[in-house]
Amino acid sequence: IFERDADKTTGKQLLLNYCLGHGDSKVLLCPLTNAILVNHCSTRRSWEGECGKDGPNAAYRWATDFDPMTSEWLNMTLEEISKKDSRGLTLALYATRDIRPGEEVSDFCACF
């Protein structure tokens, strides 16, 4: 809940709409970058939806190829991570198929 002052609620937003998680993990990542602006899409829909008949065109993966901190942090326990006071995990957004001119980038329901 976002509050302008203690007596009046001015709006609500579900933070989880902008976070990334995985069913096999207790970790939930909430990006602090423009990664939250990527459209979400699902191939499980029976209708074309916003991402069209071809489904999503991008996905996330751990950025272990260019960010050495990510590899280190992936081997830490949640307790070790909770004691850190700096950035450590990086996700990379990559195309899973050719993206046509004018087509919006969309991922598969924020699952990585």
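The notes below deal with the structure included here. Per-chain numbering applies: the sequence of each chain, read as written, is numbered from 1 onward. Local features are withheld for residues below a pLDDT of 70 in this predicted model, meaning they are given only at 70 or higher, and side-chain atom pairs are given and counted only at 80 or more; totals for whole chains, interfaces and linings count all residues. As a convention, hydrogens and water are excluded, and side-chain values are obtained from all of the structure's heavy atoms.

Topic: the overall build of the protein
Item 1. Each helix is a run of H or I in the DSSP string that is no shorter than four residues. Each strand is a run of E no shorter than two, and both are numbered from the N terminus. If you tally the helices and strands in the protein, you get two helices and eight strands.
Item 2. Along the chain direction, N to C, the helices and strands of the protein fall in the order β-β-β-β-β-β-α-α-β-β.
Item 3. When accessible area is computed with a 1.4 Å probe and restricted to protein chains, residues below 20% of their type maximum are described as buried, those above 50% as exposed, and intermediate ones as partly exposed. Burial analysis of the protein (112 residues in total) assigns 22% to the buried set.
Item 4. Note on contacts: a residue pair is in contact if any heavy atoms of the two residues lie within 4.5 Å. A separation of at least 24 residues holds for 60% of the contacts in the protein among residues at least 6 apart in sequence.

A short note on the side chain of Thr-70
Item 1. With respect to the element layout, Thr-70 can be found in helix 1 (residues 68–74).
Item 2. Polar contacts here mean pairs of N or O atoms no more than 3.5 Å apart (in protein, one a potential hydrogen donor and the other a potential acceptor; neighbouring residues in sequence count only if both atoms are side-chain atoms). Of note is the side chain of Thr-70, whose polar atom sits 2.9 Å from the backbone nitrogen of Thr-90.
Item 3. Ignoring anything within four residues of it in the chain, the contact list for Thr-70 reads Trp-62, Ala-63, Thr-64, Gly-88, Leu-89 and Thr-90.

Some remarks on the packing of aromatic side chains
Two numbers describe a pair of aromatic rings. These are the distance of the centres and the angle of the planes.
Item 1. The rule is short: rings of Phe, Tyr and Trp, with Trp giving its six-membered ring, pair when the centres are within 6.5 Å, and they are stacked under 30 degrees, edge-to-face over 60, tilted in between. For the structure on display, the rule yields zero aromatic pairs.
Item 2. Placement of a charge over a ring requires the Lys NZ or Arg CZ to be within 6 Å of the ring centre, with the centre-to-atom vector within 35 degrees of the ring normal. The ring of Tyr-94 has Arg-61 sitting right over it, with the charged end atom 4.0 Å from the ring centre.

Focus on the pattern of salt bridges
Between side chains of opposite charge, a pair can form when the charged atoms approach closely.
Item 1. Counted as salt bridges are all cases of a side-chain nitrogen of Lys or Arg within 4 Å of a carboxyl oxygen of Asp or Glu. Applying the stated criterion to the full structure yields three salt bridges.
Item 2. Glu-79 serves as the salt-bridge partner of Lys-83, at 3.4 Å between the closest nitrogen and oxygen.
Item 3. Here Glu-103 makes a salt bridge to Arg-97, at a shortest N to O gap of 2.7 Å.
Item 4. Look at Glu-103 and you get buried, because its relative accessible area is 18%.
Item 5. Assessed through its relative accessible area of 22%, Arg-97 is described here as partly exposed.
Item 6. Salt bridges sharing partners connect three or more residues here, namely Arg-97, Arg-100 and Glu-103.

So, a nonpolar patch on the surface
Item 1. Together, Tyr-18, Ile-36 and Leu-37 make up a nonpolar patch on the protein surface, roughly 280 Å² of accessible area in all.
Item 2. Its place among the elements puts Leu-37 in the loop between strand 4 (28–29) and strand 5 (39–41).
Item 3. The exposure class of Leu-37 is exposed, given its relative accessible area of 65%. Grouping into patches uses exposed residues only, defined as over 30% relative accessible area, and leaves out salt-bridged ones; the cut-off is 9 Å for like charges and 5 Å for nonpolar side chains (Val, Leu, Ile, Met, Phe, Trp, Tyr). Using the Shrake-Rupley algorithm and a 1.4 Å probe, accessible areas are obtained, with residue cover drawn only from the displayed protein chains.

Describing the side chain of Thr-90
Item 1. If you trace the backbone, Thr-90 turns up in the loop between helix 2 (78–82) and strand 7 (91–95).
Item 2. By relative accessible area, which is 17% here, Thr-90 ends up buried.
Item 3. At 2.4 Å, the side chain of Thr-90 forms a polar contact with the side chain of Asp-67.
Item 4. Ignoring any residue separated from it by four or fewer positions in sequence, one finds Thr-90 in contact with Arg-61, Trp-62, Ala-63, Phe-66, Asp-67 and Thr-70.

Some words on the environment of Met-69
Item 1. As for its position among the elements, Met-69 is in helix 1.
Item 2. Taking C-alpha positions, Met-69 is 6.6 Å from Leu-89, a pair spaced 20 residues apart along the chain.
Item 3. Other than its neighbours up to four places away in sequence, Met-69 contacts Arg-87 and Gly-88.

Function-wise, these values are silent; they only describe arrangement.
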